[in-house]
Amino acid sequence: MLAAISARSLSDVEERVTLPQFRMLVLLSTQGPSKLVALADLLGTAPSSTMRMVDRLISTGLVLRETNPNNRRETLLRLTDDGRRTVQDVTRRRHHEITAIVQKMASEQRATLVQALNLFNQAGGEPLIAHLDETLNP
């Protein structure tokens, strides 16, 4: 179900962004400007694969490559305004669809789900979803 929701939430941008590329956009959104090697580590991919993904996202105008102002020998990757909007729009669509599904559940089931999802995110090293409880328990 979550895979289907993820795929549907990307439908408006699927010509520009694949699911793995969107994952990178989310990481840049939560981590801020990052080095390529750090992104590769977070994604669990080889730096060369990550570089190809970055190049594609740069060509679509979602990511920028810039010199680190604190160390001019380093390059940082960051979201463009369009990249930030893309993450926000896709995330908003996902939350809307998940909320619609979860609202069909009994309130005690929703509370259990919120707890389980927070534990799942924590175990997977993902950032906690801000306001998850309010989203799923209106």
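The written sequence of each chain sets the order in which its residues are numbered from 1. Confidence filtering applies because this is a predicted model: local features only for residues at pLDDT of at least 70, side-chain atom pairs given and counted only at 80 or more, and all residues used for totals across whole chains, interfaces and linings. Calculation of side-chain values draws on the structure's entire complement of heavy atoms; hydrogens and water are dropped beforehand.

A. Expanded view of the overall build of the protein. Only DSSP runs of H or I with at least four residues qualify as helices, and only runs of E with at least two residues qualify as strands; both kinds are numbered from the N terminus onward. Helix and strand content of the protein: seven helices and two strands. Under the scheme applied here, a residue whose accessible area is under 20% of the maximum for its type counts as buried, over 50% as exposed, and between as partly exposed, the area being computed with a 1.4 Å probe on protein chains only. Counting all 138 residues of the protein, 31% fall into the buried class. Partitioning the contacts of the protein with sequence separation of at least 6, the portion at a separation of at least 24 is 49%. Counting only carbon and sulfur atoms, one obtains 55% of the accessible surface of the protein, whose full area is about 8600 Å². Two residues qualify as a contact provided that any one of their heavy atoms is within 4.5 Å of a heavy atom in the partner residue. Accessible areas in this description were obtained via Shrake-Rupley with a 1.4 Å probe; residue shielding takes into account the shown protein chains only.

B. Here's a closer look at the pattern of salt bridges. One side-chain nitrogen of Lys or Arg within 4 Å of one carboxyl oxygen of Asp or Glu is enough to make a salt bridge. Following the criterion strictly, the structure yields eight salt bridges and no others. Lys35 is paired through a salt bridge with Glu74; the nearest N and O atoms lie 3.4 Å apart. Separated by 39 residues along the polypeptide, Lys35 in the loop between helix 2 (19-31) and helix 3 (36-43) and Glu74 in strand 2 (residues 71-79) bring together distant segments of the chain. A residue is classified by how much of its surface remains accessible, and Lys35, at 38% relative accessible area, is partly exposed. Owing to a relative accessible area of 22%, Glu74 belongs among the partly exposed residues under this scheme. With its nearest N and O atoms 3.7 Å apart, the salt bridge here joins Asp81 to Arg84. Of this pair, Asp81 and Arg84 both sit in helix 5 (residues 81-102), three residues apart, roughly one helical turn. One network of salt bridges, in which partners are shared, links Arg16, Asp82 and Arg85.

C. Examining the side chain of Arg94 more closely. As for its placement among the helices and strands, Arg94 is situated in helix 5. Although Arg94 is buried, it forms no salt bridge, and the closest oppositely charged side chain is Glu97 at an N-O distance of 8.2 Å. We count Lys and Arg on the positive side and Asp and Glu on the negative side, and we leave His and both chain ends out.

D. The arrangement of the nonpolar core in detail. Counting 20 residues, the largest nonpolar core has Phe22, Met24, Leu25, Leu28, Val63 and Leu77 as its most contacted members. Contributing elements (two or more residues each) for this core: helix 2, helix 3, helix 4 (47-59), strand 2 and helix 5. A per-element tally of this core places helix 2 first, with five residues. Non-local contacts of Met24, meaning those with residues more than four positions away in its chain, are made with Leu39, Leu43, Thr50, Met53, Val54 and Leu57. Definition used in this section: a nonpolar core is a set of buried Ala, Val, Leu, Ile, Met, Phe, Trp, Tyr and Cys residues joined via side-chain atoms within 4.5 Å.

E. Broad picture of the pairing of strand 2. Note: strand 1 (residues 63-68) against strand 2, six bridges, orientation antiparallel. Within the sheet, the bridge partner assigned to Leu64 lies in strand 2 and is Arg78. Any two strands with at least two DSSP bridges between them are considered paired. Connecting the antiparallel pair strand 1 and strand 2 is a turn made up of two residues.

F. How the structure looks around the packing of helix 2 against helix 4. Axis definition: a line fitted to C-alpha atoms, over the contacting stretch in the case of helices. Angles run 0 to 180 degrees between N-to-C directions. Where helix 2 contacts helix 4, the axes come no closer than 10 Å and their chain directions differ by 85°. In terms of orientation, helix 2 lies roughly perpendicular with respect to helix 4. On helix 4, the residues that touch Pro20, Gln21, Met24 and Leu25 of helix 2 are Thr50, Met53, Val54, Arg56 and Leu57. To sort the angles, those under 35 degrees are grouped as roughly parallel, those over 145 as roughly antiparallel, those from 65 to 115 as roughly perpendicular, and the leftovers as oblique.

G. Broad picture of helix 1 (residues 2-9). Buried within helix 1 we find Ile5, Ser6 and Ser9. Seen along its axis, helix 1 keeps its buried residues to an arc of 100°; they face one direction. Where helix 1 is buried, its residues meet helix 2 and helix 5. Here the arc refers to the set of directions running from the helix axis out to each C-beta atom.

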